Amino acid sequence: MIVLPAIDIKDGQCVRLFKGDYSTASRVAENPYKVAESFLEAGAEWMHMVDLDGAKGGKLYNSELIIDVAKSTDLKVEVGGGIRNMDTIEYYLDNGIDRVILGSADVKDQHFVIDAVNNFDDKIVVGIDARNGIVCAEGWTDKSELNYIDLAKQMEQIGVKTIIFTDIDQDGTLAGPNLVQLDNLVHNVSCDIIASGGVSNLKDIINLHDLNVYGAITGKAIYSGNLDLSMAIKAASRVTGE
C-alpha cells in the first residue's frame, strides 16, 4: 500500500478543510515547496495535490503553482480540482503531472470520462466524494442523488482503473477513515481504491491495509503532528512485504 501525503491549495496557500467546508480553510504550511521536499525526505513516492478553488469553481486557479511545486521535487504527483476538459488534462500531463483526478466531471459528464480514459488510460483517476454514501460534486457543495457504489461501478465499466474515495464527513477530522464504506467499495469493484479522509495515525494505515486498499491519502494528520509520515510509509511498506 502506498501513502500519498497531500497538499491542498486555496488562494495560493497550503490549507486544510474540515468536513469539506470551505469556510473552515486554515493555512497549515508557509511554503508548499518545502512541504513537498519534506515529503520526499520522509520516503514518499507520490504526492496528492488539489486546487481547491478549481474544484469549487470548475476551472484552473492554482495550476501554475501546483505545476511549479511538482517540478521542484522528484515525487510522482497526482492533481485534482477544476479539471473539466481534455485540454486541461493535456496541460497537466504535458507539464510533468503523472495522474489527473476527475471529480465533479464524472457525475456531470460521463462522456468526458470515457474520452479521457480512452486517451490517457491509467493516467486518469476518478475521485468519488460522498456524504452519507451520496456523491457530492463541485467542491463538495453540490449533492447528487447517486450512491457512491453505483458510481464506482459505472466508472469500472468505463475502464477507470483507480478511484479515490473520500467520506466528506471524515475529511479533516482525524476521526479515522470510513472503513465500512471502503470495505464495501473494495468488494464491489475491481479498481484500485485510494482512501481519503480521516486518516490520523498508524493504526488507520494498518486498518486500510487490511481492507486491501491500494493507497491512503493523509493531510491534516501530518501537519498537526498526529502522524509521522516516514513511520506511516515504513508501516505501509512493512505490512505489504515491500
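For the structure itself, look to the data block above.
Every residue gets a number counted from 1 within its own chain, in the order that chain's sequence is written. Local features in this predicted model are restricted to residues whose pLDDT is 70 or higher, and side-chain atom pairs enter the listing and the counts only when it is 80 or higher, whereas totals over whole chains, interfaces and linings include all residues. Each side-chain value is worked out from all heavy atoms of the structure, with water and hydrogens disregarded.

*Asks:* Can you lay out the overall build of the protein for me, pointing to particular residues and giving the numbers?
*Replies:* Strands are runs of DSSP state E lasting at least 2 residues, helices are runs of H or I lasting at least 4, and numbering of each runs from the N terminus. Along the protein, the regular secondary structure elements total 11 helices and 12 strands. Over its C-alpha atoms, taken along the principal directions, the protein stretches across nearly 40 × 40 × 35 Å. Burial here depends on accessible area, computed with a 1.4 Å probe over protein chains only, as a share of the maximum for the residue type. Under 20% is buried, over 50% is exposed, and the range in between is partly exposed. For the protein, the residues scored as buried account for 55% of the 242 residues in total. Note on contacts: a residue pair qualifies if any of its non-hydrogen atoms lie within 4.5 Å across the two residues. In the protein, 67% of the contacts between residues at least 6 apart in sequence involve partners at least 24 apart. Method for areas: the Shrake-Rupley scheme with a 1.4 Å probe, in which residue coverage is limited to the protein chains shown. A total accessible area of about 10,200 Å² is found for the protein, and carbon and sulfur atoms account for 43% of it.

*Asks:* Please provide a residue-by-residue account of the pattern of salt bridges, values included.
*Replies:* Any carboxyl oxygen of Asp or Glu that lies within 4 Å of a side-chain nitrogen of Lys or Arg is treated as forming a salt bridge with it. Taken as a whole and assessed by the stated rule, the structure comprises 5 salt bridges. A salt bridge links lysine 10 to aspartate 11; the shortest N-O distance between them is 3.1 Å. A relative accessible area of 18% places lysine 10 in the buried class. Relative accessible area serves as the criterion here: at 56%, aspartate 11 is assigned to the exposed category.

*Asks:* Outline the side chain of aspartate 8, listing residues and values.
*Replies:* Relative to the helices and strands, aspartate 8 resides in strand β1 (residues 2-10). Here arginine 16 takes part through its side chain, which lies 2.7 Å from a polar atom of the side chain of aspartate 8. For aspartate 8, the residues in contact, after removing those within four places along its chain, are Gln13, Cys14, Val15, Arg16, Val50 and Leu52. Identification of polar contacts relies on pairs of N or O atoms within 3.5 Å, with a donor-acceptor requirement for protein atoms, meaning one able to donate a hydrogen and the other able to accept it, and with residues adjacent in sequence counted only if both atoms are side-chain atoms.

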